[in-house]
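Spelled out, the chains give:
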Amino acid sequence: TATKSTSIASSSSSWRFFSSTQLKDSYDHILVEKKMEDGVGLITLNRPKALNALCDDLSYDVIHAATALDQDDDVSCMVLTGSTKAFAA
């Protein structure tokens, strides 16, 4: 049990560099949209040739954007979606 607690603590501390995050102008593997009138942050996986197959860079983009949206007081809800062909592979 102590080993699990240590690994959880060390893995969560590895994301601390996201502590004050702003959305980027663009991402390589996702599209991000803020629907201000609804308070919704929309993250769309955008790797159509790979059917949105998960990879490290896509995960990094999603985590970065979700962290930025979470810190935005105008966003009260986030939606993660895929393309019309596939959510993720």
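Keep in mind that this is a model prediction, so the values were computed, not measured. (Residues numbered from 1 in each chain as written. Predicted model: local features only at pLDDT ≥ 70, side-chain atom pairs only at ≥ 80, totals over all residues. Heavy atoms only, no water.)

**Here's the deal with unusual backbone geometry**
The criterion, for reference: Think of it this way: any DSSP run of H or I at least four residues long counts as a helix, any run of E at least two long counts as a strand, and we number them from the N terminus. Think of it in three bands: residues with accessible area under 20% of the maximum for their type are buried, residues over 50% are exposed, and the middle band is partly exposed, with areas taken using a 1.4 Å probe on protein chains only.
Although it is not a glycine, Leu-51 sits at a positive phi angle of roughly 50°. Among the secondary structure elements, Leu-51 is positioned in the loop between strand S2 (40-45) and helix H2 (56-71). With relative accessibility at 38%, the residue Leu-51 sits in the partly exposed group.

**Description of the nonpolar core**
Applicable threshold: Note on terminology: a nonpolar core comprises buried Ala, Val, Leu, Ile, Met, Phe, Trp, Tyr and Cys residues joined through side-chain atoms within 4.5 Å. Contacts are assigned to residue pairs with any non-hydrogen atoms lying within 4.5 Å of each other.
One finds Tyr-27, Ile-30, Ile-43, Leu-45, Leu-58, Val-62, Ala-65, Leu-69 and Val-75 forming the largest nonpolar core, which totals nine residues. If one sorts the elements of this core by residue count, H2 sits on top with four residues. When neighbours within four sequence positions are excluded, Ala-65 is seen to be in contact with Leu-23, Tyr-27, Ile-30, Val-32 and Ile-43.

**Observations concerning the confidence of the model for the protein**
This is how the line gets drawn: As a per-residue quantity, pLDDT reports the predictor's confidence and falls between 0 and 100.
Chain-level statistics for the protein give a pLDDT mean of 83 and a share of 78% at 70 or above. Confidence drops under pLDDT 50 across residues 1-15; counting only partners more than four residues distant or on other chains, this segment forms one contact.

**Remarks on the side chain of Asn-52**
Which entries qualify depends on this criterion: In protein, a polar contact requires one atom able to donate a hydrogen and another able to accept it; more generally it is a pair of N or O atoms within 3.5 Å, and residues adjacent in sequence count only if both atoms are side-chain atoms.
Within the element layout of this structure, Asn-52 appears in the loop between S2 and H2. Only 3.0 Å separates the side chain of Asn-52 from the backbone oxygen of Ala-86, close enough to count as a polar contact. Of note is the side chain of Asn-52, whose polar atom sits 3.3 Å from the backbone oxygen of Phe-87. Apart from residues no more than four positions distant in its own chain, Asn-52 is found in contact with Leu-45, Asn-46, Arg-47, Gly-82, Ser-83, Ala-86, Phe-87, Ala-88 and Ala-89.

**Quick word on H2**
Short version of the rule: Expected helix span is taken as 1.5 Å per residue step, with the number of steps being one fewer than the number of residues.
Here H2 is 16 residues long and its end C-alpha atoms lie 23 Å apart, about the 22 Å a rise of 1.5 Å per residue gives. Burial in H2 covers these residues: Leu-58, Asp-61, Val-62, His-64, Ala-65, Thr-67, Ala-68 and Leu-69. Buried-residue contacts for H2 involve strand S1 (30-35), S2 and strand S3 (77-81).

**A short note on the pattern of salt bridges**
Quick note on the threshold: Take a side-chain nitrogen of Lys or Arg and a carboxyl oxygen of Asp or Glu: if they are within 4 Å of each other, that pair is a salt bridge.
The full count for this structure, using the stated rule, is two salt bridges. Close ionic contact of Lys-35 with Glu-33 constitutes a salt bridge, the shortest N to O distance being 3.8 Å. Assessed through its relative accessible area of 30%, Lys-35 is described here as partly exposed.

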